[in-house]
Amino acid sequence: MTATGISAATRPLEVAEIRADFPILGRAVRGGRPLVYLDSGATSHKPRQVLDAERDFYTIHNSAAHRGAHLLGEEATDAYEGARARVAAFINGDRGEIVFAKSATEALNLVAYAMSNAATAGPEAERFRVGPGDEVLVTEMEHHANLVPWQQLCQRTGATLRWFGITPDGRLDLSNAAELIGDRTKIVAITYQSNVTGAIPPVGQIAALAHARGALVVVDGAQSVPHRPVDVAALGADFLAFSAHKMLGPSGIGVLWGRRELLGAMPPFITGGSMIEVVRMEVSTFLPPPERFEAGVPAAAQAVGLAAACDYLDALGMQNVAAHEEALTAHALDALGAIDGVRILGPLSTDDRGGAVSFTIDGVHPHDVGQLLDELGIAVRANHHCAWPLHRALGVQASTRATFYVYNTHGEVDALAEGVRQAQRFFAAA
Amino acid sequence: MEVESMYREIILDHYRHPHSRGLRGPYDAEVHHVNPLCGDEVTLRVALKDAGGEPAIADVSYDALGCSISQASASVMTQTLIGKTVREAMGISAAFLELMQSRGTAEPDEDLLGDAVAFEGVSKYPARVKCALLGWMAWKDATAQALDVTGQADEEQT
């Protein structure tokens, strides 16, 4: 058993059957080549079960949830609330703790804005207030979505931003954790897996340190919830954000899970219809969570699609998904590591490491690597992957990144390695 | 490979053996431009001179980090624009911009653009157009600033 909690008792995924569920994997790309999609860390593809669920909603039930004195309105509400319960079960949470947002990015912003809104909210919001002298702690390996909102919170409130650094192999540097997490720390915002190096920080350990000092813990689960079992009851975090589109679900919907008592005391971020209790011209009161944080007509079709994605992933078994990706990652680390001139950013083993493999090639810029791979039908990401400070800390300007998911094969990993060799040959100095 | 329509040999030559690379003086304006999509960056200097009563490009130099397309494009830009009057250079720059935005449908004027016509293939790859334009846009910005600094802006505001 590895420290990621993946037990040996897994069964292999039937990848050929899985691939048959994803219509897009059947299309040809440049030069009529088959698609080798290694960019699921950016967004995943959607199986027909998810597409059908969304289409069925629009075809049969479409209406504005939580409104309308009619049958369709009831059905839409049931579908939306059913999806909430389904997502809660997926992460072992409670349905009242699931807030639907536009994306993980918006979910993280929701918490950050609620914290500055706490300044003018009632006494129940006291624990969310930050100001001069308070500290907000992040890490150097964050995606911009879990960094910039906290920088902005500090700018709005006068709080101080601090951060964990990283080790040369792209893991979190915990050597000064006891100094960083102190009585001034109000919130610790940390990723559950780097989207660049794949490193999985010890979130539970950090959360315990933070809670001992009375700080709140926000976890960016965008690269975790899609890829391995995540149990919020065991995680130790106060908030967890993730996006549907990275876990076989639709774009346009994400999730904020938060502890019930915290959501209950937290002021709203986006305001408007659906989230109010009583509205007068002078002032309004708000509904309890989760509705308090869901202004506007709910994205019911997207929620239904996300619920179908949860069904799909649970049918595969998240332990099996994790084991499959771990095998692909190990293969990629071996195959790319064997090529002269390739530098892998991040841990070289799969211990506490997920399926994001970023690398640089001596003398070939990532954008050019990506272009050559694209020519071969291999889709990767090639830039700073919205983690510019992390790249700076690793001493590189940008990188090429391959990410894996349930539909990827070992043959595709071999194609990637061969493509890297071709790129090296193409750009070899004349 | 189809991609060779983009990575023309002349582009790879400029990438491997860039012109005017390395910042040098004297100069009238310096700018720093970044492509936020990929983090590519260029620091670029422009020096103007007087050419028969009209401002002209005395020198362009740059320091850059980026892909082959952005590096080669900056190199070709310096080779194409140094020595031209600002008026001529702005015309060439506009023609290059038009070529890059053509999605592969333009018929570029080789007499006007010189080696820069080699980037025609890049216009078929929308994600790379910003790479090709990075150095050119930095040049345009630096030149506008240099015209201000040297008091020649009024004549060139068209």
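Residues numbered from 1 in each chain as written. Chains lettered and ligands numbered in written order. Predicted model: local features only at pLDDT ≥ 70, side-chain atom pairs only at ≥ 80, totals over all residues.

Engineer: In this structure, what is going on with the overall build of chain B? I would like to understand it.
Structural biologist: Within chain B, the regular secondary structure consists of five helices and three strands. Computed over the C-alpha atoms, the radius of gyration of chain B is 15 Å, within 12% of the 15 Å expected from 2.2 N^0.38 for a compact globule of 158 residues. With the C-alpha coordinates of chain B rotated into their principal frame, the extents come out at 50 × 30 × 25 Å. Counting all 158 residues of chain B, 41% fall into the buried class. Sequence-distant contacts in chain B: of pairs separated by 6 or more residues, those separated by 24 or more amount to 63%. (Helix = DSSP H or I, 4+ residues; strand = E, 2+ residues; numbered from the N terminus. Rg over C-alpha atoms; globule rule 2.2 N^0.38 Å. Buried ≥ 20, exposed ≤ 12 C-beta atoms within 10 Å, placed from the backbone. Contact = placed C-beta atoms within 7 Å.)

Engineer: Sorry if this is basic, but what is going on with the overall build of chain A here?
Structural biologist: The secondary structure content of chain A amounts to 14 helices and 15 strands. Over its C-alpha trace chain A gives a radius of gyration of 22 Å, about what one expects of a compact globule, namely 22 Å for 430 residues. Residues counted as buried form 54% of the 430 residues belonging to chain A.

Engineer: Help me out: how do you make sense of the domain arrangement of chain A in this one?
Structural biologist: Often, the extent of an interface is quoted as the loss of accessible area on bringing the components together. Residue and element names in this part refer to chain A. Domain annotation of chain A identifies domain 1 (15-45 + 317-427) and domain 2 (51-314). Placing a centre on the C-alpha atoms of domain 1 and another on those of domain 2 gives a separation of 28 Å. Taken together, the contact between domain 1 and domain 2 spans 28 residues of the former and 30 residues of the latter. Elements with a minimum of two residues in the side of domain 1 that touches domain 2: α11 (318-337), β12 (356-361), α13 (388-393) and β15 (399-403). Of the residues contributing to the side of domain 1 that touches domain 2, the split by class is 13 nonpolar, 11 polar and four charged. (Domains from an automatic or database assignment. Nonpolar A, V, L, I, M, F, W, Y, C, P; charged D, E, K, R; others polar.)

Engineer: Where do I start with the confidence of the model for chain A in this structure?
Structural biologist: As a note on interpretation, predicted positions should not be read in detail where pLDDT is low. Averaged over all residues, the pLDDT of chain A is 95; the fraction at 70 or higher stands at 98%. Confidence over residues 1-5 of chain A falls short of pLDDT 50; this stretch has 10 contacts with residues more than four positions distant or in other chains. (pLDDT = per-residue confidence, 0-100.)

Engineer: How do you make sense of the packing of helix α1 (residues 9-16) of chain B against helix α2 (residues 68-81) of chain B when you look at a structure like this?
Structural biologist: Packed helix pairs are specified by the crossing angle of their axes together with the interaxial distance, meaning the distance between the axes. Residues and elements named next belong to chain B. Closest axis-to-axis distance for the α1/α2 pair is 8 Å, and the angle between their directions is 85°. In terms of their interaxial angle, α1 and α2 are classed as roughly perpendicular. Contacts between α1 and α2 involve I11, L12, H14 and Y15 from the former and S68, Q71, A72, S75 and V76 from the latter. Taken together, the residues of the contact of α1 with α2 sort by class into five nonpolar, four polar and no charged. (Axes fitted to C-alpha atoms, helices over the stretch in contact; angles between N-to-C directions. Parallel < 35°, antiparallel > 145°, perpendicular 65-115°, else oblique.)

Engineer: Can you help me understand the environment of R228 of chain A in this one?
Structural biologist: If you trace the backbone, R228 of chain A turns up in the loop between β6 (216-220) and α8 (232-235). Between the alpha carbons of R228 of chain A and A323 of chain A there is a distance of 8.5 Å; along the sequence they are 95 residues apart.

Engineer: Would you explain the interface of chain B and chain A in this entry?
Structural biologist: Taken residue by residue, the interface counts 12 residues in chain B and 16 residues in chain A. Of the residues that constitute the side of chain B that touches chain A, the class distribution is seven nonpolar, three polar and two charged.

Engineer: What should I look at first to understand the sheet that holds strand β5 (residues 185-191) of chain A in this one?
Structural biologist: The strands making up a sheet associate through backbone hydrogen bonding, with each pair oriented either parallel or antiparallel. Residue and element names in this part refer to chain A. With mixed pairing, the seven strands of this open sheet are ordered in space as β2-β8-β7-β6-β5-β3-β4. The open sheet has two edge strands with one neighbour each: β2 (98-101) and β4 (160-164). Strand-to-strand twist across the sheet, computed as the mean angle between neighbouring axes with direction ignored, equals 20°. (Pairing = 2+ DSSP bridges.)

Engineer: It is not clear to me how the pairing of strand β3 (residues 135-139) of chain A should be interpreted in this structure. Could you clarify?
Structural biologist: Note on strand geometry: in a regular strand, side chains alternate between the two faces of the sheet. Residue and element names in this part refer to chain A. Of all five residues in β3, five are buried, a share of seventy percent or more. Two elements, β3 and β4, share five bridges in a ladder whose sense is parallel. In the strand pairing of β4, V136 is matched with L161. Traced from β3 through helix α5 (residues 148-157) to β4, the parallel crossover comes out right-handed. The sheet contact formed by β3 and β5 spans three bridges and is parallel. Bridge pairing in β5 places L137 opposite V188. (Right-handed = clockwise from strand over helix to strand, strands pointing away.)

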